[in-house]
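Now for the letters of each chain:
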Amino acid sequence: MKALVNKIIPFSLVDGEGNRFSVFLQGCNFHCLYCHNPETINLCIGCGACIDKCPVGALKKDEKIWYDKNKCIDCDECIKGCIHKSTPKTLELSVDEILEQIEEVRPFLSGITISGGECTLQRDFILELAKRVKTMGLTLFIDTNGYIPIWKDKELLDNIDKVMLDVKSFDREEHIKLTQKPNDSVLENLKILLEKKKIYEVRTVIVPDLLDNENNVKNISRIIGNIDKNVRYKLIKYRSLGVRRDKLKSYTPEDEYMKKLMDMAKMNGCNNVISSL
Ligand code: SF4
Ligand code: SF4
């Protein structure tokens, strides 16, 4: 069992509880206007157009693209030159290969988080890794956009510990405008996974002039407050870094506005509301 991995961060303090080994999988089913890593969305089709862009010869093509992580200097010229908006900087890693890396840092970890891209697109890999991680006494969280109805997947839910769920918009049409996909399954996941006590954190990005942020926070926090009020609700400030300006014109919201939204979420019964800086 192998996964297409975009990146691994051996120590992360922002991907769930405690110190976590975070695995970012390649490929996403959303096309968010504010995506900071749009090259993680599409899978490489192996056209080879990026090979010559690499100044250190870290890329090769035969029947597929080979990426040499040890040679790479992370200049990202290959990503800038990819006409398919993808990246050649991915590795196919087996569960055993990832477990070997986890073993090296095991004493310092609280758990593993699988993120993306959209990790649930590689569901079988998550399941296999989760089963193996359990035997090591570590927790496994997934970080998801909630489009796949994971609440129906009993086997997966029984093997993962918690879900970190993005709820990008409460309004169906606004969600389609932002991500190109509707939010029906996202809201179902939100409600049912809260009921099942499977959610560690819910996140909403606050994007002035694009989203009805007050409507989103009001309705999402009501659901959290009514079902599992101690679940953390994180409001994230939109930042333009890495976002294509031709796609989205917005700005970073002021602290005062974030505080107003946090107060609204608390009024709706959420006990644990935080905001990104
Ligand atoms: S990021 Fe790495 S693989 Fe891509 S062009 Fe730069 S050195 Fe080459
Ligand atoms: S990363 Fe892009 S340019 Fe490079 S081989 Fe893949 S699809 Fe082609």
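This text follows the structure it describes.
Please read all numbers here as calculations on a predicted model, not as lab measurements. Numbering of residues starts from 1 in every chain and runs along the sequence as written. Chains carry letters from A onward and ligands carry numbers from 1 onward, assigned in written order. Owing to the predicted nature of the model, reporting of local features is limited to residues with pLDDT of at least 70; listing and counting of side-chain atom pairs is limited to 80 or more, with chain, interface and lining totals taken over all residues. Computation of side-chain values covers all heavy atoms of the structure but excludes hydrogens and water.

Nearness here has a simple test: a residue counts as near a molecule or strand if at least one of its heavy atoms is within 4 Å of that partner. Taken together, 14 residues are adjacent to ligand 1, and Cys-54, Cys-72, Cys-75, Asp-76 and Cys-78 come closest. Split by residue class, the shell around ligand 1 holds 10 nonpolar, no polar and 4 charged. Residue polarity is assigned by list, with Asp, Glu, Lys and Arg as charged and Ala, Val, Leu, Ile, Met, Phe, Trp, Tyr, Cys and Pro as nonpolar; anything else, Gly included, falls into the polar class.

Centres within 6.5 Å make a pair out of two Phe, Tyr or Trp rings, where for Trp the six-membered ring is used; the pair is then stacked when the planes are under 30 degrees apart, edge-to-face when over 60, and tilted otherwise. Evaluated as defined, the whole model comprises 3 aromatic pairs. Between the aromatic rings of Phe-30 and Tyr-147, the centroid separation amounts to 5.7 Å while the plane-to-plane angle is 70°, which identifies the pairing as edge-to-face. Taken together, the positions of Phe-30 in the loop between β2 (20-25) and β3 (59-61) and Tyr-147 in the loop between β7 (139-144) and α4 (154-159) put the pair 117 residues apart, joining distant regions of the chain. On the basis of relative accessible area, Phe-30 is assigned to the buried category, the value being 1%. Between the aromatic rings of Phe-141 and Tyr-200, the centroid separation amounts to 5.2 Å while the plane-to-plane angle is 40°, which identifies the pairing as tilted. With Phe-141 in strand β7 and Tyr-200 in strand β9 (residues 199-206), the pair connects residues that are 59 residues apart, well separated along the chain. Residue burial is assigned from relative accessible area. The probe radius is 1.4 Å, only protein chains are included, and a residue is buried under 20% of its type maximum, exposed over 50%, and partly exposed in between. Residue class for Phe-141 comes out buried when judged on its relative accessible area of 2%. When its relative accessible area of 18% is taken as the criterion, Tyr-200 is described as buried. Throughout this description, the term charge over a ring refers to an Arg CZ or Lys NZ atom that lies within 6 Å of the ring centre and within 35 degrees of the ring normal. Across from the ring centre of Phe-24, 4.9 Å away, lies the NZ or CZ of Lys-7, which sits over that ring. We note Lys-64 situated over the ring of Trp-66; from NZ or CZ to the ring centre the distance is 4.6 Å. Helical segments are the DSSP runs of H or I of at least four residues, strand segments are the runs of E of at least two, and each set is numbered from the N terminus.

Functional significance is not addressed by these values, which are geometric in nature.
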